Amino acid sequence: MIQQLLHTQTWLDVRSWRAEYGETLTPVQISVLSVVTPLTRLLEGKYGMKLDVHVHDQFVDTIDETEAKLLKVDAQERCLRRKVSLLSRGEVMFDAESVLPLAVLPIELMLELEEGKRPLANLLSDQGLSLSRFNLNIAKVQDQGLYEGYWVRRSILDASSGAKALVTEVFHDAIWRKLNYLIQR
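Residues numbered from 1 in each chain as written. Predicted model: local features only at pLDDT ≥ 70, side-chain atom pairs only at ≥ 80, totals over all residues. Heavy atoms only, no water.

Describing the side chain of T40
- Of note, T40 is situated in helix 4 (residues 39-47).
- Non-local contacts of T40, meaning those with residues more than four positions away in its chain, are made with L51, L86, F94, P119 and N122. (Helix = DSSP H or I, 4+ residues; strand = E, 2+ residues; numbered from the N terminus. Contact = heavy atoms within 4.5 Å.)

A few points about the pattern of salt bridges
- If you walk through the whole model with that rule in mind, you get six salt bridges.
- K50 is the partner of D52 in a salt bridge, and the nearest nitrogen-oxygen pair spans 3.3 Å.
- Under the relative-accessibility criterion, K50 is labelled exposed at 55%.
- For R81, the salt bridge identified is with D61, shortest N-O distance 2.7 Å. Here D61 lies in strand 2 (residues 52-62) and R81 lies in strand 3 (residues 78-88), a separation of 20 residues in the sequence.
- In this structure R81 comes out as buried when scored by relative accessible area, which is 5%.
- On the basis of relative accessible area, D61 is assigned to the partly exposed category, the value being 27%.
- Overlapping salt bridges bring together D61, E67, R81 and E97 as one network. (Salt bridge = Lys/Arg side-chain N within 4 Å of Asp/Glu carboxyl O. Buried < 20%, exposed > 50% of the residue type's maximum accessible area, 1.4 Å probe, protein only.)

Some remarks on the nonpolar core
- Grouped together as the largest cluster of nonpolar side chains are 28 residues, with contacts concentrated most on V32, L43, F94, I175 and L179.
- Listed by contribution, the elements that provide at least two residues to this core are helix 3 (27-34), helix 4, strand 3, strand 4 (91-101) and helix 8 (173-184).
- Take this core: its biggest share by element is five residues, from helix 8.
- Those residues in contact with L43, other than ones at most four positions away along the chain, are V32, G48, M49, L51, F94, I175 and L179.
- Core analysis: the next-biggest nonpolar cluster, separate from the first, contains 14 residues, L105, L113, L157 and A165 among them. (Core = buried A, V, L, I, M, F, W, Y, C linked by side-chain atoms within 4.5 Å.)

Regarding the packing of helix 2 (residues 14-21) against helix 3
- At a minimum axis distance of 11 Å, the contact between helix 2 and helix 3 shows a crossing angle of 165 degrees. Here helix 3 runs roughly antiparallel to helix 2, going by the angle between their axes. Where helix 2 crosses over helix 3, the handedness of that crossing is right-handed. When helix 2 is examined against helix 3, the residues V14, W17 and R18 are found in contact with a partner set consisting of Q29, I30, L33 and S34. (Axes fitted to C-alpha atoms, helices over the stretch in contact; angles between N-to-C directions. Parallel < 35°, antiparallel > 145°, perpendicular 65-115°, else oblique. Left-handed = near helix turned anticlockwise from the far one by under 90°.)

Let's talk about the packing of aromatic side chains
- If you walk through the whole model with that rule in mind, you get five aromatic pairs.
- Here the aromatic rings of W17 and W151 are separated by 5.8 Å at their centres, their planes lie at 85 degrees, and the arrangement is edge-to-face. Placement of W17 in helix 2 and of W151 in strand 6 (residues 151-159) is noted, with a sequence separation of 134 residues between them.
- Residue W151 is classed as buried on the basis of its relative accessible area, which comes to 4%.
- Aromatic rings pair up to connect W17, Y21 and W151 into one cluster. (Phe/Tyr/Trp six-rings, centres within 6.5 Å; stacked < 30°, edge-to-face > 60°.)

Let's talk about the environment of R78
- Tracing the sequence through the fold places R78 in strand 3.
- What makes R78 exposed here is its relative accessible area of 52%.
- It is 5.9 Å that separates the C-alpha atoms of R78 and L102, two residues lying 24 residues apart in sequence.
- Apart from residues no more than four positions distant in its own chain, R78 is found in contact with V60, D61, T62, I63, P101 and L102.

Section: the side chain of H172
- Position of H172 among the secondary structure elements: in the loop between strand 7 (164-171) and helix 8.
- For H172, a relative accessible area of 15% gives the class buried.
- Not counting residues up to four positions away in its chain, the partners in contact with H172 are V92, M93, F94, D95, Y147 and Y150.

Okay, here's the thing in structure tokens:
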């Protein structure tokens, strides 16, 4: 489902998105949706929101043309596709799908991903890898379906080891309620 969003949304780069929606969003929403460091670290460190990873699926697949263009790899290259939800106290805050080209995926990272216990960005940065997030784009889901009206973002994670990933995240309304609650405590 998340991969369909990659192809069907009107994506705005973060600057254009802020110009278009900045007046209608809270500072918390802007901070969360535009963060370029590991999101889970921001949520834990700044807001005290502990997150658990629930892996729905993780499998070897091929990269489609849109993903290949964003990752700057060949279409049909083999990849690891990882679909997860991040939960706070059992409630889904956001869903994420990562596409990691296998040709540049370190074995140690593959083993940790198979364990399915930690978010991808945390795994990359905790291995001492320099991590950058670029090509950050944001959209509001417009089509009918499970995620209609939710904010979604996509970006490329790039580690100094050569590992990279296309990450698409869908933010449930629960995250904004939970963050407002944590701020007001």
